[in-house]
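Residue strings, one per chain:
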Amino acid sequence: MRLLSLSAVCLLLALLPAGTPQALDLYRARVPLTDDGQTAQEAAVVVAFGQVLAQVAGRGAAAALADQAAGKQAAARTVLGYGFSRDQDGNTLLEARFDPNAVRGFLAEQGVATVPDTRPTLLLWLQVQHDGNTLWVGADEPPRLAAAVDTAARARGWPILLPLLDLAERAELPAHANPHDPATLAPLKALAARYAPGGVLSGRLNGIDGRWRIDLRLTRPDSDDHVWAADGASPEAALGAALDRLSSNLAVAPPSGPPQAVEITVRGIDDVTAYARVWEHLSQQAEIRQLRPLAVGDGHAVFAFALPGGAAALADRVEPGAPFTREAEAESGYRYRP
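The model shown is predicted, which means the values in this text are computed figures rather than measured ones. (Residues numbered from 1 in each chain as written. Predicted model: local features only at pLDDT ≥ 70, side-chain atom pairs only at ≥ 80, totals over all residues. Heavy atoms only, no water.)

As for the nonpolar core
The tendency in soluble globular proteins is for nonpolar side chains to be buried as a group.
Next, step 1: Core analysis: the biggest nonpolar cluster contains 30 residues, and Phe 49, Leu 53, Leu 94, Phe 98 and Val 103 have the highest contact counts within it.
Next, step 2: Elements with a contribution of two residues or more to this core: β1 (28-32), α2 (38-57), α3 (69-78), β2 (79-86), β3 (92-98) and α4 (100-109).
Next, step 3: A per-element tally of this core places α2 first, with 10 residues.
Next, step 4: Counting 29 residues, the second-largest nonpolar core is a separate cluster that includes Leu 122, Leu 126, Ala 148 and Trp 158. (Core = buried A, V, L, I, M, F, W, Y, C linked by side-chain atoms within 4.5 Å. Buried < 20%, exposed > 50% of the residue type's maximum accessible area, 1.4 Å probe, protein only. Helix = DSSP H or I, 4+ residues; strand = E, 2+ residues; numbered from the N terminus.)

Given below as structure tokens:
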């Protein structure tokens, strides 16, 4: 691993190849740096790699893989570049970015299921009950819980919004939110429209005898609801466990078996920009091997590659987040949709 002094920058992160903003953020992490020595920098890169593993897998436990021998080797092998900055208190931070293909490849080797990089923004309605008091968590209130939601979500790569809780919203909030009874959540669905989220999380957080339990329901267009519960010794622990379960519900298991040859045709490619976007998406999929174009022109492009599971794995491993959609009655035919 090539390391530089604290006053230098290993690579200008802003000049790295850019994907979609959400995908880029998943593979970037900022961690404290204790000093400018080589040992401290190597250790910080490993910690940053652990954060990236947790973000891509969507589960906090994945960070522990970076502490294993294979994880430390992967951190050094997959880091694309890093630089230095300071936080608002003047503490030195190391900011590193890792190769998306290599990160997903490492997680697949470890048998870890991951959440697709393109993730819906979720609006969270959370009612808290503790010591006889009931309140709702908003964008900045109460401060501790709002911060806990933000921290837990960021650590797992989830874009989560909290409601504004203005006077109009407060007047419509239900007295009780029971994720197991959708009728109690009906007002929240109507209130969510102003935020236009990709999905809605609705639930309650109860503190009883020093333990905290959170019950949540995930509602998304064109998919069945998920309902689950998690607990912990603190509100922060319960929130983290609940988001780990969210990721487990939506994770896709790594493919198994030898790679099989696949060809796909993407229609509607009429310029270099469209071709570049499709190529970028395919090249960022860790499971794809031997990617190459077979034909380009006349408004379409044909790509060939090897993929574990073959054509049957396209829906789970290639299509999520793609700038193309499957054409009706075509096993491997797509149309470019920017």
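Section: the sheet that holds strand β14 (residues 333-336)
Next, step 1: One open sheet holds the five strands; their spatial order is β11-β12-β10-β14-β13, and the pairing between them is mixed. A strand with exactly one partner marks an edge of an open sheet, and here the two such strands are β11 (289-297) and β13 (324-326). In this sheet, adjacent strand axes meet at a mean angle of 30° when their direction is disregarded.
Next, step 2: As paired elements, β11 and strand β12 (residues 300-308) share six bridges and run antiparallel to each other. Bridge pairing in β12 links Gly 297 to His 300. (Pairing = 2+ DSSP bridges. Axes fitted to C-alpha atoms, helices over the stretch in contact; angles between N-to-C directions.)

With respect to α2
Next, step 1: Helix length check: α2, at 20 residues, gives a terminal C-alpha distance of 29 Å against a target of 28 Å (1.5 Å per residue), a fit within 8%.
Next, step 2: Counting buried positions along α2 yields 14 of 20 residues, so the element is predominantly enclosed.
Next, step 3: Immediately downstream of α2, the backbone of Gly 58 shows phi near 80°, a positive value. (Expected span 1.5 Å × (residues − 1).)

A short note on the pairing of strand β7 (residues 199-208)
Next, step 1: Of all 10 residues in β7, eight are buried; the element is thus mostly enclosed.
Next, step 2: Pairing between β7 and strand β8 (residues 211-219): nine bridges, direction antiparallel. Within the sheet, the bridge partner assigned to Ser 202 lies in β8 and is Arg 217.
Next, step 3: Joining the antiparallel neighbours β7 and β8 is a turn of two residues, in which Asp 209 adopts a positive phi near 55°.

Some words on unusual backbone geometry
Next, step 1: Cis geometry is adopted by the peptide bond preceding Pro 142, which originates at Glu 141 and carries an omega value of -20°.
Next, step 2: With respect to the helices, strands and loops of the structure, Pro 142 is situated in the loop between β5 (133-136) and α5 (143-155).
Next, step 3: Although it is not a glycine, Asp 209 adopts a positive phi angle of roughly 55°.
Next, step 4: Of note, Asp 209 is situated in the loop between β7 and β8.
Next, step 5: The exposure class assigned to Asp 209 is exposed, which follows from its relative accessible area of 77%.
Next, step 6: Positive phi, close to 55°, is recorded for Asp 298, a residue that is not glycine.

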